[in-house]
Amino acid sequence: MLKHRYMRRYAPIALGLIFLLIVTWFLVAKLEIAPSKISNKSATQTASFFVTRSGSSLMLAGKQFRFSGPNIYWLGMQETDNGNAYPSHFRVDDALATAEIMGATVVRSHTLGISVGCTICVEPRLGVFNQLALQSIDYAIACARVHHIRLIIPLVDNWHYYHGGKHTFTTWRGLSNEKLFYSDPQVIGDFEAYISVILNHVNRYNGVAYKDDPTILAWETGNELSAPSNWVQKIATYIKGLDTHHLLVDGNYEQPSDTANFLPDLHINELDIFSGHYYPPTISAFQTEVSQAQAANKVFIADEYDWNTSGGDALGLFLPAIEHSAAAGDLYWSLFPHDDSYGFVPHNEHYTLHYPGDTPQMRTRVTLLTAHAYAMRSLSVPAMVLPDAPAITSVSGKRIAWRGVAGAYIYTVERSVVGATGPWTVVCNQCATDNTTPWTDRTRPSGSVWYRVKGYSLSGVVSLYSKVSPAG
């Protein structure tokens, strides 16, 4: 009888736990959650601290915080040949891992905050919000913390890009003049409602609302705006009314041809950070703008710049100018990761950066950017440790393709004709790069064979082997 009483008492609890485990497993599988990436890596001791401002300096846990990193604008949503899509978890993780290897502690990402007017956007139609889009952003924010990276997130775009912009809000209200974004009360209310959804959203991976997450360094009122000061004041006041933790960047940036764009906003108490964009890099304009922000006791950063130009001031001069200035940080445009199958994500833009560099010239500039990022942190460049293993994605005839690993410079391929446990013969000794895959095994014998791949960093550190892949 005692046994049956316990069964009656605890059986419903046991069944409930089993049901909960099944539901959890289903959600993990359905939503492509990667717990190993999100929860199994240790965070820095300062991960729970917000970056703050002390006059014209940024501070973290009582120490001055300076940074250099990339713009990775597509972390929440990417543009493909087949339309807009959410980036795979692999691409997000690989990009952020690469940024971390290059010394970055901050990344600026447009689509974590600008996502309106398209089918898979956060707000596809006025007043309609898409939870799947927010889940994509959730993963990127949680992944950034794993890689010890803070985020700067713009909230609207001046331009007509795939993720929408200020014109989307005016179009929703039937207004042909998109400059009314800054003055129409109904449109301003629509934008504030959108901001509220973003800031109050609770991340499914860590249970923290965006407005309470120290992974986010700052919100930015927008990207490359030309907003009147009264609008900036209104939006800045609204954001700070919702979010008492985060810093705020003025989306009215400056550039070499216009060094007075943010000057009218310097008196706005709610604004913490001002920025410049440099196409091409121009030391004199940069120094002028740093001085303008400093005079107002505000922080200055180089929000964007062209790392790959032959015009303006040479990168080897521009980066030291930042290091020796009072600027808090800088963010180049823009970093792309390994592709899901092999090679890198292609992007036909002059500013596209792949690590460690597709060409000798790119590799030289990547080396400069990496050294600069560590110099901004008063550190020397460490030996590059590869965080993961390559993954063989296909073997077709004599052609072997593998998904690259962040930080890898070159790869070795080994073959076995006996079985998945070897013995192994090196058939490609550090002879293949991510730009030369798929690799062809011209000496492959007939019959069954097995392959495995490992990568090497620029400093010679070797990765783990890929899982063994059989080929009939």
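Residue numbers here run from 1 along each chain, matching the order of that chain's written sequence. In keeping with the model being predicted, local features are shown solely for residues with a pLDDT of at least 70 and side-chain atom pairs are shown and tallied solely at 80 or more, while totals for entire chains, interfaces and linings include all residues. Only hydrogens and water are set aside; all other atoms, that is, all heavy atoms of the structure, feed into the side-chain values.

### A look at the packing of helix α6 (residues 185-200) against helix α7 (residues 229-242)
Only C-alpha atoms enter the line fits that serve as axes; for helices the fit covers just the stretch in contact. Angles between N-to-C directions range over 0 to 180 degrees. The secondary structure listing takes helices from DSSP runs of H or I that are at least 4 residues long and strands from runs of E that are at least 2 residues long, numbered from the N terminus. Running from amino to carboxyl end, α6 crosses α7 at an angle of 30°, the nearest separation of the two axes being 10 Å. The orientation of α6 with respect to α7, classified from their angle, is roughly parallel. The handedness of the crossing between α6 and α7 comes out as right-handed. Contact residues: α6 offers Ile188, Phe191, Glu192, Ala193, Ile195, Ser196, Leu199 and Asn200, while α7 offers Trp231, Lys234, Ile235, Tyr238, Ile239 and Leu242. Each residue gets one label: Ala, Val, Leu, Ile, Met, Phe, Trp, Tyr, Cys and Pro are nonpolar, Asp, Glu, Lys and Arg are charged, and the others, such as Gly, are polar. Here the contact of α6 with α7 is composed, by residue class, of ten nonpolar, two polar and two charged. Roughly parallel covers angles under 35 degrees, roughly antiparallel covers those over 145, roughly perpendicular covers 65 to 115, and oblique covers all other angles. Left-handed is the label given to a crossing in which the near helix is rotated counterclockwise from the far helix by less than a right angle, and right-handed is the label when the rotation is clockwise. Two residues form a contact once any of their heavy atoms are found within 4.5 Å.

### Some thoughts on the pairing of strand β12 (residues 299-305)
The classification of residues rests on relative accessible area computed with a 1.4 Å probe and restricted to protein chains. Under 20% of the type maximum is buried, over 50% is exposed, and intermediate values are partly exposed. In terms of burial, β12 is largely enclosed, as seven of its seven residues are buried. Sheet topology places strand β11 (residues 273-278) next to β12; six bridges connect them, and they run parallel. Following the sheet pairing, histidine 277 is matched in β12 by glutamate 304. By convention, a crossover is right-handed whenever its connection, traced from the first strand over the helix to the second and viewed with the strands pointing away, goes clockwise. In this fold, β11 hands off to helix α8 (residues 283-295), which returns the chain to β12; that crossover is right-handed. Looking at chain direction, β12 and strand β13 (residues 329-333) are connected through two bridges and run parallel. When the sheet's bridge partners are listed, isoleucine 301 is paired in β13 with glycine 329. Note on the crossover from β12 through helix α9 (residues 315-323) to β13: the handedness is right-handed. Only strands that DSSP links by at least two bridges are regarded as paired with each other.

### A look at the environment of phenylalanine 129
By secondary structure assignment, the location of phenylalanine 129 is in the loop between β7 (106-108) and α4 (131-146). Note on phenylalanine 129: relative accessible area 28%, which makes it partly exposed. In sequence terms phenylalanine 129 and asparagine 429 are 300 residues apart; their C-alpha atoms lie 51 Å from each other. Excluding its chain neighbours within four sequence positions, the residues that come into contact with phenylalanine 129 are Val122, Glu123, Pro124, Tyr194 and Val197.

### Things to note about the pattern of salt bridges
Here a salt bridge means any side-chain nitrogen of Lys or Arg lying within 4 Å of a carboxyl oxygen belonging to Asp or Glu. Scanning the entire structure with this criterion turns up eleven salt bridges. Among the ionic pairs, arginine 91 bridges to aspartate 339, the shortest N-O distance being 2.4 Å. You can see arginine 91 sitting in helix α3 (residues 89-101) and its partner aspartate 339 sitting in the loop between β13 and α10 (360-376), a full 248 residues away along the chain. Look at arginine 91 and you get buried, because its relative accessible area is 13%. According to the relative accessible area criterion, aspartate 339 is buried, its value standing at 17%. Here aspartate 303 ties to arginine 108 by a salt bridge, and the two come within 3.2 Å at their closest N and O atoms. You can see aspartate 303 sitting in strand β12 and its partner arginine 108 sitting in strand β7, a full 195 residues away along the chain.

### Notes on the state of the cysteines
Throughout, a disulfide means two cysteine sulfur atoms within 2.5 Å of one another. Applying the stated rule across the entire model yields two disulfides. Here cysteine 118 is linked by a disulfide to cysteine 121, with a sulfur-sulfur distance of 2.1 Å. Taking the sign of the S-S torsion, 105° for the link of cysteine 118 and cysteine 121, the bridge is right-handed. Cysteine 118 sits in the buried class, given a relative accessible area of 13%. Covalently, cysteine 428 is tied to cysteine 431 through a disulfide, its sulfur atoms 2.0 Å apart. Here cysteine 428 and cysteine 431 share a disulfide; its torsion about the S-S bond, -125°, makes the bridge left-handed. The exposure class of cysteine 428 is buried, given its relative accessible area of 1%. For the chain, the disulfide bridges join cysteines in the arrangement 1-2, 3-4, where the cysteines are counted in sequence order.

### A few points about the confidence of the model for the chain
Residues with a pLDDT of 70 or more make up 90% of the chain, whose mean pLDDT is 91. Residue-level confidence of the predictor is summarised by pLDDT, bounded by 0 at the bottom and 100 at the top. Residue range residues 1-36 is modelled with pLDDT below 50. Its contacts to residues more than four positions away, or to other chains, number 17 contacts. Scored below 50 in pLDDT, residues 39-45 shows nine contacts in the model against residues more than four places distant or in partner chains.

### Some points on the pairing of strand β16 (residues 410-416)
Here β16 lies mainly inside the structure; seven of its seven residues are buried. The pairing of β16 with strand β17 (residues 425-432) spans four bridges and is classified as antiparallel. In the sheet register, arginine 415 faces β17, and the bridge partner there is threonine 425.

### Considering the packing of α3 against α4
Closest axis-to-axis distance for the α3/α4 pair is 10 Å, and the angle between their directions is 35°. Between α3 and α4 lies a crossing of right-handed hand. Where α3 approaches α4, its residues His89, Val92, Asp93 and Leu96 are matched on the opposing element by Tyr139, Ala140, Cys143 and Ala144. A class-by-class count of the residues in the contact of α3 with α4 yields six nonpolar, one polar and one charged.

### Observations regarding α7
The span expected for a helix works out to 1.5 Å for each residue beyond the first. With 14 residues, α7 extends 20 Å between its outermost C-alpha atoms, agreeing within 8% with the 20 Å of an ideal straight helix rising 1.5 Å per residue. Within α7, the full set of buried residues consists of Trp231, Val232, Ile235, Ala236 and Ile239. In an axial view of α7, the angular spread of the buried residues amounts to 125°, which keeps them on one side of the axis. Exposed positions of α7 whose direction lies more than 90 degrees from the buried face are Asn230 and Gly241. Looking at the packing, one finds that the buried side of α7 touches α6, β9 (216-220) and β10 (247-249). The directions from the helix axis to the C-beta atoms are what the arc is built from.

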